[in-house]
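# Structure at a glance
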Amino acid sequence: MTTDTTATLPDLAALTPRQIVAELDRYIVGQAAAKRAVAIALRNRYRRQRLPADFRDEVIPKNILMIGPTGVGKTEIARRLARLANAPFVKVEATKFTEVGYVGRDVDSIIRDLVHVAYQMVEREHTERVRDQAEGRAIDRIVSAMLGDTPPSEEPPTWSPPFGFVFHPHPQARPAGEEESRRRSERRERLRAELRQQVASGVLDDEWVEIEVEEGPGTSYVPSFSQAGLEEIAINLGEIFGSTLPRPRTRRRMTVREAREVVTEEEARQLVDTAAIKREAIQRAEQAGIVFIDEIDKIAGKESGVGPDVSRGGVQRDLLPIIEGTTVTTKYGRVSTDHILFIAAGAFHVTKPSDLMPELQGRLPIRVELTSLSEDDFRRILTEPENALTRQYVELLAADGVHLRFTEDAIAAIASIAAQVNSRTENIGARRLHTVMEKVLEDLSFAAPDAAQGEVVIDAAYVHARLAPVTADFDLARYVL
């Protein structure tokens, strides 16, 4: 399914390639070639949207193959790119499709997952647009529940402080003419308006109310046979039959605060157009979706005909039509993969990109090599990104009243040790910093809630004191760091 409508797609006009790279630099150190490649790919989407409709479908995305060791930022680049473009994004491991016997999991599940992510994104956006209206309707329902929905002919309830409402209908109350009915109706409306204002302002958030709400949606799991074997697909009967199978309702007792959240979500679901959300989700997945296929090097190589390697070529053949462009049936509708951006990645230590099927290589025309991280890169990773590890630990321990301060020599020592361990054992890239940092701060993290609170300075001496016993023993370092 391909559509020419672009109004619902993310606006990429303000994102030039240079700005995209600058945004990625805020979170990822180095890897300029990979950042440039994905920035151009994202900008090409904007350029394609501005082409004439009859020519737009002819322009296909230039998929990317990232080559580099683990822990250098391949996944993070793709994830940050998708977040920057507000695009549906899924990450899959190529090896997942070789695990179930010789056939593996159905590769179409990649697209089903992508459309599901797109649906959730669009649903959140539509829900946010109607949230104010939904909240107003929710407050009305809560007020009606607190008033008991008593008929106008009955005596209106009296208000018993502090915020509880006790209803005392007069035992012999009967209509006493039109004037009496009018006065009762006015009193009831004044009470409803006052109560509504208090619910809206949060004054009654801690009071209890019994209200009728929807139960959770029922889901039926139906086995679906596909070319790749048996896969259980969750089918929501409510989505299939719509209003013919309404959700069951039940009365629940909850606080007014909780009731506002629950009922607002329920009212928002009723206000949004589910069919429109499905259409927009399919369009966004088709025109803006990004699929990151990791560990593609694990399915490269020649088939031996026996053993676990026999399924490698099969997975490549299954992935090929998805990347080339095909139509996949999902519970939201038929989805074309022609213009989805695929980013594949692998370390290629044992194999090389030329070991992939020639047809698959041709569908990954952009090759970028990511370099191993140096000691200087580690120092930058510890301090420069907005989500730098040192900042994360400062904020975490601040919750227990411990104020960390890392000195320059401490940063240098941590980076040096991480680089040394990577060179002496398995090189796991920046992930080694997580291991080293955890070991350095292990005692402090454990004792922080019970220890005296205040500033703790982490310097080089502190780092070496915690890591010297481990780094001095090569065999121990292999297991601990």
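Each remark here, short or long, concerns the structure printed above.
As a starting point, this report considers the structure included with it. Since the structure is predicted, the reported quantities are computational estimates derived from the model, not experimental observations. The numbering scheme is per chain: residues are counted from 1 as the chain's sequence reads. Only residues with pLDDT of at least 70 are given local features in this predicted model, and only at 80 or more are side-chain atom pairs given and counted; all residues enter the totals for whole chains, interfaces and linings. To get the side-chain values, take all heavy atoms of the structure and skip hydrogens and water.

### Notes on the overall build of the chain
Under the scheme used here, helices are H or I runs from DSSP no shorter than 4 residues and strands are E runs no shorter than 2 residues, and both carry numbers assigned from the N terminus. Each helix and strand counted, the chain has 19 helices and 15 strands in total. We call two residues in contact when some of their heavy atoms are within 4.5 Å. Of the contacts formed within the chain by residues at least 6 apart in sequence, a portion of 77% connects residues at least 24 apart.

### Some words on the pattern of salt bridges
A pair is scored as a salt bridge if a Lys or Arg side-chain nitrogen falls within 4 Å of a carboxyl oxygen belonging to Asp or Glu. For the structure on display, the rule yields 28 salt bridges. Residues Glu 267 and Arg 137 are paired through a salt bridge, measuring 2.9 Å at the closest nitrogen-oxygen approach. Residue Glu 267 is located in helix H9 (residues 256-271), and its partner Arg 137 is located in helix H6 (residues 131-147); the two are separated by 130 residues in the primary sequence. Exposure classes here rest on a 1.4 Å probe applied to the protein chains alone. A residue is buried below 20% of its type maximum, exposed above 50%, and partly exposed in between. Relative accessible area serves as the criterion here: at 34%, Arg 137 is assigned to the partly exposed category. For the salt bridge of Lys 352 with Asp 355, the shortest nitrogen-to-oxygen distance reads 3.6 Å.

### Topic: unusual backbone geometry
Among all residues except glycine, the phi angle is most often negative; among peptide bonds, the trans geometry is most common. Residue Gln 31 is not a glycine yet carries a positive backbone phi of 55 degrees. Along the polypeptide, Gln 31 turns up in the loop between helix H1 (17-25) and helix H2 (32-49).

### Notes on the nonpolar core
Counting 61 residues, the largest nonpolar core has Met 66, Ile 343, Leu 404, Leu 441, Ile 458 and Val 463 as its most contacted members. Top element by residues in this core is helix H15 (residues 408-424). It accounts for eight residues. In these notes, a set of buried Ala, Val, Leu, Ile, Met, Phe, Trp, Tyr and Cys residues joined through side-chain atoms within 4.5 Å is what counts as a nonpolar core. Core analysis: the second largest hydrophobic core is formed by 43 residues, Val 291, Val 315, Tyr 332 and Phe 348 among them.

### Brief notes about the side chain of Thr 407
In this structure, Thr 407 sits in the loop between strand S14 (402-406) and H15. Residues within four places of Thr 407 in sequence aside, it is in contact with Val 457, Ile 458, Asp 459 and Ala 460.

### Focus: the sheet that holds strand S13 (residues 366-369)
Strand order in the open sheet formed by five strands is S2-S9-S12-S1-S13, with parallel pairing between adjacent strands. At either margin of the open sheet sits one strand with a lone partner, and together these are strand S2 (89-93) and S13. Recorded for the sheet is a direction-independent mean angle of 20 degrees between the axes of neighbouring strands. In this fold H2 packs onto strand S1 (64-67), strand S9 (290-294), strand S12 (341-346) and S13, with an angle of close to 165 degrees to the strand it touches most, S1. Here an axis means a line fitted to C-alpha atoms, over the contact stretch when the element is a helix, while the angle between two N-to-C directions is reported on a 0 to 180 degree scale. Contacting S1, S2, S9 and S12, helix H4 (residues 74-85) crosses the sheet at an angle of about 170 degrees to S9. Pairing between strands is defined by DSSP: at least two bridges between the two strands are required.

### A closer look at the pairing of S9
Across the five residues that make up S9, a large majority, five, are buried. Of the two faces of S9, both are covered, the one formed by Ile 290, Phe 292 and Asp 294 as well as the one formed by Val 291 and Ile 293. Where S2 lies against S9, five bridges are found, and the strand directions are parallel. Bridge pairing links Lys 91 to Phe 292 in S9. As judged from the four bridges shared by S9 and S12, these two strands associate in the parallel manner.

### Side note on the packing of H1 against H2
Put simply, H1 and H2 touch, their axes get as near as 9 Å, and they point 135 degrees apart. With respect to H2, the element H1 is oriented oblique. For the pair H1 and H2, the crossing hand works out as right-handed. Contacts from Pro 17, Ile 20, Val 21, Leu 24 and Asp 25 in H1 reach Lys 35, Arg 36, Val 38, Ala 39, Leu 42, Arg 43 and Arg 47 in H2. The classification used treats Ala, Val, Leu, Ile, Met, Phe, Trp, Tyr, Cys and Pro as nonpolar, Asp, Glu, Lys and Arg as charged, and all other residues, Gly among them, as polar. Split into classes, the residues belonging to the contact of H1 with H2 amount to seven nonpolar, no polar and five charged. By the definition adopted for this analysis, an angle is roughly parallel if under 35 degrees, roughly antiparallel if over 145, roughly perpendicular if from 65 to 115, and oblique otherwise. Crossings are assigned a handedness: left-handed for a near helix turned anticlockwise from the far helix by less than a right angle, right-handed for a clockwise turn.

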